[in-house]
2 protein chains.
Amino acid sequence: MDGFLAADIGGTHIRVAAYPTDAIKPILHKRIATRGENTPTERLIDLLVEVSGSLDHVLGIGADVPGYIDPRIGLIYTAPNIPGWRNLPLQAILHERFRVPVALGNDANMAAYGEWEFGAGRGHQDIIYMTISTGIGGGVISDNKLVLGHHGLATEMGHVTVWPEGPMCSCGHRGHLEALASGTAIARWVSEQLALNSPSILSSSPKPTARDISQAAEKGDALAQEALGRAGKFIGQALANYLHIFNSSIIILGGGVSHSGPYLMDPLRSALERNVISPAYLDGLQIKIAELGDDAGLLGSLALIRSQST
Amino acid sequence: MDGFLAADIGGTHIRVAAYPTDAIKPILHKRIATRGENTPTERLIDLLVEVSGSLDHVLGIGADVPGYIDPRIGLIYTAPNIPGWRNLPLQAILHERFRVPVALGNDANMAAYGEWEFGAGRGHQDIIYMTISTGIGGGVISDNKLVLGHHGLATEMGHVTVWPEGPMCSCGHRGHLEALASGTAIARWVSEQLALNSPSILSSSPKPTARDISQAAEKGDALAQEALGRAGKFIGQALANYLHIFNSSIIILGGGVSHSGPYLMDPLRSALERNVISPAYLDGLQIKIAELGDDAGLLGSLALIRSQST
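Every value quoted in this text rests on a predicted model; they were computed, and no experiment measured them.

A. View of the interface of chain A and chain B. Each partner contributes residues to the interface: chain A has 43 residues there, and chain B has 43 residues. Both faces combined, the contact of chain A with chain B buries some 3,600 Å², and carbon together with sulfur accounts for 51% of it. Broken down residue by residue, the surface that chain A buries against chain B is led by A:His150, A:Ile245 and A:Ile277, which jointly contribute 18%. Our count for the contact surface shared by chain A and chain B stands at two salt bridges. For the salt bridge of A:Lys145 with B:Asp143, the shortest nitrogen-to-oxygen distance reads 2.9 Å. Linking chain A to chain B there are 28 residue pairs in polar contact (both at pLDDT 80 or more). Looking at the side of chain A that touches chain B, the elements with two or more residues in it are α7 (222-246) and α8 (262-275) of chain A. Sorting elements by how many residues they give to the side of chain A that touches chain B places α7(A) first, with six residues. For the side of chain A that touches chain B, the residue count by class is 18 nonpolar, 17 polar and eight charged.

Structure below.
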């Protein structure tokens with residue numbers, strides 16, 4: 001059978017799947033650790049070779065990468081979690097090795113692309129996708145096209161200032177959305193409150209994670225509920241601003257934190273509705289949780305290479 | 001001679017110009033007051049008829065409108081400064097009357113389009129255009145396309161929160177860029193400081209305008225310089241965020257306040273450079289003052305109708 005290979009490259013694992021030309025159920029799907037005795041590039045190539053054995057002909061390869069990348073020239077500028085990946089012409093390397101079309105994308109962009117093609121965003125032309133996990137990232141479809149920018153660095157949606165006096169962000173700037181509403185930020189805020197002896201069922205765990213906080217909120221813990229509500233409020237405020245910029249018909253929320261339920265989502269919706277300058281921005285607007293889970297990037301990479309091979 | 005008509009519709013004046021098929025020097029250019037004995041729509045049609053007399057055949061009509069408008073369906077939702085323009089199907093009305101293709105756009109979007117086609121943005125594929133005058137608006141070209149959104153309401157660039165505790169915006173929300181850095185906001189801040197007896201050569205004028213403040217800054221007035229620097233800092237911060245979203249190759253600044261010189265521009269550039277998360281966003285970035293002045297919207301409307309008529 002002919003088909004495509006898609007790779008999802010993360011800081012912990014590399015996953016590769018082989019797909020038929022026109023279905024999204026993989027023929028074969030394997031994963032390995034990103035770090036090992038040989039380099040991540042060699043490990044990726046070995047896994048692509050292995051999984052390609054399930055296809056008669058490989059028609060193309062799509063891959064998503066966690067980092068700054070220019071998809072137009074297939075160059076990875078930096079991928080902080082992948083050892084040695086700096087100014088790496090990965091597209092050229094894979095093309096040289098496999099002699100088929102290769103398409104690369106940033107992981108959040110590819111997740112947006114996957115949700116657009118196969119997930120919660122099907123049929124929409126203007127999509128804001130925001131992923132909320134350790135950090136906050138995103139991707140935007142504007143009039144049926146992924147917004148990339150002239151070097152491919154667009155839609156870094158976590159790095160907008162929402163509170164100038166707010167806490168320091170991982171990027172070294174103050175008050176970004178990521179520093180206030182990512183899983184890391186939620187966990188840090190709860191730890192700070194626990195250190196001030198705020199009452200909570202979390203006070204026995206020294207370093208609660210965003211997942212612990214989400215579970216505590218469901219059990220009725222007031223501090224955990226406040227933490228999620230606070231994050232939801234900042235996300236809603238930022239999303240209102242993004243609606244003024246993109247006037248999208250759907251907002252898709254991905255990443256672990258997006259599954260925190262009403263304690264996050266209700267304040268998020270309220271802040272969004274309170275902050276738009278006109279109800280016209282809410283007209284026909286859908287807000288949905290992402291549907292593809294961990295496979296969004298893989299399926300986005302598949303959609304991208306398919307779109308470039310027809 | 002065959003040619004196109006372009007209309008620039010403002011709260012004070014309606015301007016209409018007739019252009020040859022492939023030049024930007026108008027054959028005839030007229031303007032009338034927006035308000036008079038008959039309705040703005042009738043006045044617009046009369047002026048279009050009058051100016052069309054300079055052409056043998058009208059090939060199409062482009063127009064920019066100050067307000068919320070869906071250019072895909074040619075509908076004006078609201079245009080607060082034009083009496084009676086609410087849910088007005090202007091494109092259909094003009095098409096019915098003239099029987100030629102008609103294209104409409106929001107005024108800031110059309111100014112962006114004009115600067116892209118004929119002005120400071122020529123040759124760029126990714127443009128942020130921001131106009132700073134009474135209010136703050138803008139338009140974005142992403143990968144050679146105007147960003148519109150699903151109802152055409154995109155790129156309301158003045159209505160992003162840059163300081164949550166900041167002053168109230170004209171739209172009724174707190175801390176928007178427009179409330180901190182528009183000409184109106186600059187003038188209001190100076191008036192507040194004068195009421196607190198801040199020393200300034202402006203203290204003799206009861207209500208200094210943004211233009212007065214700009215002139216006072218040039219004469220060395222410290223309060224006026226501080227007012228422009230403060231606005232520049234907020235604009236630079238917002239533009240850094242927009243670069244993270246669009247990764248554009250050029251920022252074009254239009255509107256009266258953009259001509260305030262180094263007292264505005266130096267703090268703007270510093271804030272922009274200080275706030276980007278990676279120098280990659282500055283790589284190849286140009287920052288330019290708009291070139292087309294008051295004709296940007298007219299020429300954008302011309303470019304739009306030409307692009308739709310070929």
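Structure's up, so let's keep going.
B. Geometry of the pairing of strand β4 (residues 57-65) of chain A. With seven bridges joining them, strand β1 (residues 2-9) of chain A and β4(A) adopt parallel strand pairing. In the sheet register, A:Asp2 faces β4(A), and the bridge partner there is A:His57.

C. Inspection of the sheet that holds strand β7 (residues 86-88) of chain B at higher detail. Residue and element names in this part refer to chain B. Strand order in the open sheet formed by three strands is β5-β6-β7, with antiparallel pairing between adjacent strands. The outermost strands of the open sheet, each flanked by one partner alone, are β5 (68-70) and β7. The average angle at which neighbouring strand axes cross in this sheet is 15 degrees, direction not considered. One ladder, built from three bridges, connects β5 with strand β6 (residues 75-78); its direction is antiparallel.

D. Region of the structure containing the environment of B:Lys30. Residues and elements named next belong to chain B. Following the sequence through the fold, Lys30 ends up in strand β3 (residues 28-33). Residue Lys30 is classed as partly exposed on the basis of its relative accessible area, which comes to 33%. Here Lys30 is in contact with Ile14, Arg15, Val16, Leu47, Glu50 and Val51, once residues within four sequence places are set aside.

E. Looking closely at the side chain of A:Asn247. For A:Asn247, the location among the structural elements is in the loop between α7 and β12 (250-254). A:Asn247 sits in the buried class, given a relative accessible area of 0%. At a separation of 2.9 Å, a polar atom in the side chain of A:Asn247 contacts the main-chain amide nitrogen of B:His151. Leaving out residues up to four positions away in the same chain, A:Asn247 has contacts with A:Asp126, A:Tyr242, A:Tyr281, B:Leu148, B:Gly149, B:His150, B:His151, B:Gly152, B:Leu153 and B:Ala154.

F. Inspection of the pattern of salt bridges at higher detail. Under the definition given, this model contains 12 salt bridges over all chains. When the shortest N-O distance is used, the salt bridge between A:Lys30 and A:Glu50 registers 2.8 Å. In this pair, A:Lys30 sits in strand β3 (residues 28-33) while A:Glu50 sits in helix α1 (residues 40-52), placing the two residues 20 residues apart along the sequence. On the basis of relative accessible area, A:Glu50 is assigned to the partly exposed category, the value being 42%. In this structure, B:Asp295 engages B:Arg15 in a salt bridge whose closest nitrogen and oxygen atoms are separated by 2.4 Å. Of the two residues, B:Asp295 is situated in the loop between β13 (286-289) and α9 (296-309) and B:Arg15 in strand β2 (residues 13-20); the sequence distance between them amounts to 280 residues. Using a relative accessible area of 31% as the deciding quantity, one classes B:Asp295 as partly exposed. Sharing partners across several salt bridges, the network here consists of A:Asp8, A:Arg15 and A:Asp295.

Parameters and conventions
- Residues numbered from 1 in each chain as written.
- Chains lettered and ligands numbered in written order.
- Predicted model: local features only at pLDDT ≥ 70, side-chain atom pairs only at ≥ 80, totals over all residues.
- Heavy atoms only, no water.
- Contact = heavy atoms within 4.5 Å.
- Buried area = accessible area lost by both parts, 1.4 Å probe.
- Salt bridge = Lys/Arg side-chain N within 4 Å of Asp/Glu carboxyl O.
- Polar contact = N/O pair within 3.5 Å; in protein donor to acceptor, adjacent residues only side chain to side chain.
- Helix = DSSP H or I, 4+ residues; strand = E, 2+ residues; numbered from the N terminus.
- Nonpolar A, V, L, I, M, F, W, Y, C, P; charged D, E, K, R; others polar.
- Pairing = 2+ DSSP bridges.
- Axes fitted to C-alpha atoms, helices over the stretch in contact; angles between N-to-C directions.
- Buried < 20%, exposed > 50% of the residue type's maximum accessible area, 1.4 Å probe, protein only.

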